[in-house]
2 protein chains.
Amino acid sequence: MTETNPRILLARRPKGAPVPEDFRLEEAPLPDPAEGEVLVRHRFLSLDPYQRGRMDDAKSYAKPVALGGVMECQAVGQVAASRDPRFKEGDWVLGGYGWQTFSTRPAQALIPIDPKEAPPSTALGVLGMPGLTAWVGLTDIGQPKPGETLVVSAASGAVGQVVGQLGKIAGARVVGIAGGQTKCDFALRELGFDAAVDHRGDLVAQLDATCPQGVDVYWENVGGAVQAAVFPRFNDFGRMVMCGMIAQYNTASGAAAAGAPPGPNLGPVVRKRLRIQGFIVSDTGWQRYARFRAEVLGHIAAGRLRWKEDVVQGLANAPQAFIGMLEGRNFGKLVIALD
Amino acid sequence: MTETNPRILLARRPKGAPVPEDFRLEEAPLPDPAEGEVLVRHRFLSLDPYQRGRMDDAKSYAKPVALGGVMECQAVGQVAASRDPRFKEGDWVLGGYGWQTFSTRPAQALIPIDPKEAPPSTALGVLGMPGLTAWVGLTDIGQPKPGETLVVSAASGAVGQVVGQLGKIAGARVVGIAGGQTKCDFALRELGFDAAVDHRGDLVAQLDATCPQGVDVYWENVGGAVQAAVFPRFNDFGRMVMCGMIAQYNTASGAAAAGAPPGPNLGPVVRKRLRIQGFIVSDTGWQRYARFRAEVLGHIAAGRLRWKEDVVQGLANAPQAFIGMLEGRNFGKLVIALD
């Protein structure tokens, strides 16, 4: 077999927004699984905003991608060769690694998935890291209650769409913030949110109109102007679930930059007894994956939860798709489909 | 009996820092307790920073003092007349109200105190609202663990001194921030803190020197430059207990001002999984008062917990003492002793 492993490397560290020249496509030899490992042929790659952080050489919760290293991501694929009794050729698995066509992985790092339960790509979205992120953040921090107002930014994105729908299931009134009329219409009509706010329009006026009772839970995916507009609207005992601040991922040195724009004055945190809390899904999420998956599959089966994917064909198109995602040009969970 | 009730009223709403003309001393007639009420002769008044907020006509967690109304505070005193079987003349009680010499209070609003357990004025400090504040904030939010670094601002103040000592009892390394050498020496020698930082000096250099392992818990009493210096030092999973931000209580409209200075960029909240949470002791604290009091009395009896009061004699001196407290001129828990 002369098959190779096409893959995309970090060619240089981006200055601000990534450009195509920051990435390099190469053909590598096919890796060999060691004893206890599995060779996974990737079928779908997950492109997610956190990967922008890995391109910087900055202190963070995870190590940066090395210069010349394979770009990081999770992948869903099928076992191409197994040196572990738990997996056989053809099995679908979650846990492939990197912007590449094949990866070798320790068997215990892989989660078997059943393509009859849901399309395999959903293991990267509604049933994967983004869905788990929504579930963990709402369970541990957001805790929406019936009648409360939950505002979610990046509402049509991989995490936001699940946050809003889980909020509805919990009985909250859900207001989604998204960029453009198409995404707002989607949030209202397909996801069943109660209201939608287009962040390209007048944020303050739209929030006035859609959040007359204030905000109890704000799911923060974006930062910047959206954060500034929502923050003053918190009710007493409001919760701000800090999932990400994509608006500043492209600033000089990412979220850690000393030159990052200032945030809100924290006086209202005392007065209103607010809770502002960040989390990273990998800290405690995967230990609870089985419970999460069962719950969400139940919601899907009952018709209470939908998902939208933005599927881009071909590894070579990953850099452009990723660059577009950071500008909000994707529509739904972004995945790369490999042949 | 021709006794009167000298009291201090809010003469006008302060513009920025209060001045003596914002207060007015008057002699009112002695109030009569109704059935079920008690007339309390105040012995000690508690002056606390939160009372600055009550002088503004701004939306907050509690109603402002009315113009021409009696300035708000808690008082400890003795029953002068009782129309409730639970109290008799001479009993010591916590729960008198206002910058005045007498108040009538519903019997169920009063907590009997035993002067043999501790000096009665401590019911306004280490065994009262400030001590309870420290205990609630550490129990619910700060949760210091052995070996962690706890930084407390306004460290020699009514709340800060208890926070730091409870932190030491929990096994944390405690760094106190205070204004001036005298208060810093006090924190080290009398309170047993591990290090002290004088916020009038070079904050950054002193924090570099005293917090080499970063900060796990920051008790926020002050805001402003101290907050800005501590915030970047949080370790992963750090907790910021938002108790108050006295540095901005005197800005135009208090903490609610739209023109309040910006706060920290919240990017690190995600990356480091920080929890920033505000609380008001009256929400849930008094329901737990008995447990708090027993615990703290135990610490005092065992010699693990001390307190320092700044006692000012005479009602007429209350405004000046209050003004000074907002500038950090008190040293320890500020109480007014009445004759």
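Since we're looking at a predicted model, the values are computed, not measured.

Calculation rules
- Residues numbered from 1 in each chain as written.
- Chains lettered and ligands numbered in written order.
- Predicted model: local features only at pLDDT ≥ 70, side-chain atom pairs only at ≥ 80, totals over all residues.
- Least-squares fit on C-alpha atoms with pLDDT ≥ 70 in both.
- Contact = placed C-beta atoms within 7 Å.
- Helix = DSSP H or I, 4+ residues; strand = E, 2+ residues; numbered from the N terminus.
- Nonpolar A, V, L, I, M, F, W, Y, C, P; charged D, E, K, R; others polar.
- Pairing = 2+ DSSP bridges.
- Buried ≥ 20, exposed ≤ 12 C-beta atoms within 10 Å, placed from the backbone.
- Arc of directions from axis to C-beta.
- Axes fitted to C-alpha atoms, helices over the stretch in contact; angles between N-to-C directions.
- Parallel < 35°, antiparallel > 145°, perpendicular 65-115°, else oblique.
- Left-handed = near helix turned anticlockwise from the far one by under 90°.
- Domains from an automatic or database assignment.

(A) Layout of the relation of the copies chain A and chain B. Taken as rigid bodies, chain A and chain B are interconverted by a rotation of 180° and an axial shift of 0.0 Å, the fit giving an RMSD of 0.0 Å. The two molecules are tied by a two-fold rotation axis, judged by turn and shift.

(B) Molecular detail of the interface of chain A and chain B. Across the boundary between the two partners, chain A contributes 32 residues, which contact 30 residues of chain B. Of all the secondary-structure elements, those providing two or more residues to the side of chain A that touches chain B are β12 (234-242), α7 (267-271) and β13 (275-278) of chain A. Top element by residues in the side of chain A that touches chain B is α7 of chain A. It accounts for 5 residues. Class assignment of the residues belonging to the side of chain A that touches chain B gives a composition of 18 nonpolar, 8 polar and 6 charged. In terms of strand pairing, β13 of chain A meets strand β13 (residues 275-278) of chain B through 3 bridges, oriented antiparallel.

(C) Expanded view of helix α4 (residues 181-189) of chain A. Residue and element names in this part refer to chain A. All of the buried residues in α4 are K183, C184, F186 and A187. For α4, the angular spread of buried residues about the axis comes to 160°, placing them on one side. Of the residues in α4, the exposed ones pointing more than 90 degrees away from the buried face are Q181, T182 and R189.

(D) Layout of the packing of helix α2 (residues 129-142) of chain A against helix α3 (residues 160-169) of chain A. Residues and elements named next belong to chain A. The geometry of α2 relative to α3 is characterised by a closest axis approach of 8 Å and an angle of 45° between their N-to-C directions. Our classification of the angle between α2 and α3 gives oblique. Here the hand of the crossing between α2 and α3 comes out right-handed. Seen from α2, the contacting residues are P130, G131, A134, W135 and L138; seen from α3, they are V162, V163 and L166.

(E) The domain arrangement of chain A, seen in detail. Residues and elements named next belong to chain A. Per the domain assignment, the segments making up chain A are domain 1 (4-125 + 308-337) and domain 2 (129-284). Placing the centre of domain 1 and that of domain 2 at their C-alpha centroids yields a distance of 27 Å. Listed per partner, the contact involves 20 residues of domain 1 and 20 residues of domain 2. Counted by class, the side of domain 1 that touches domain 2 contains 6 nonpolar, 8 polar and 6 charged residues.

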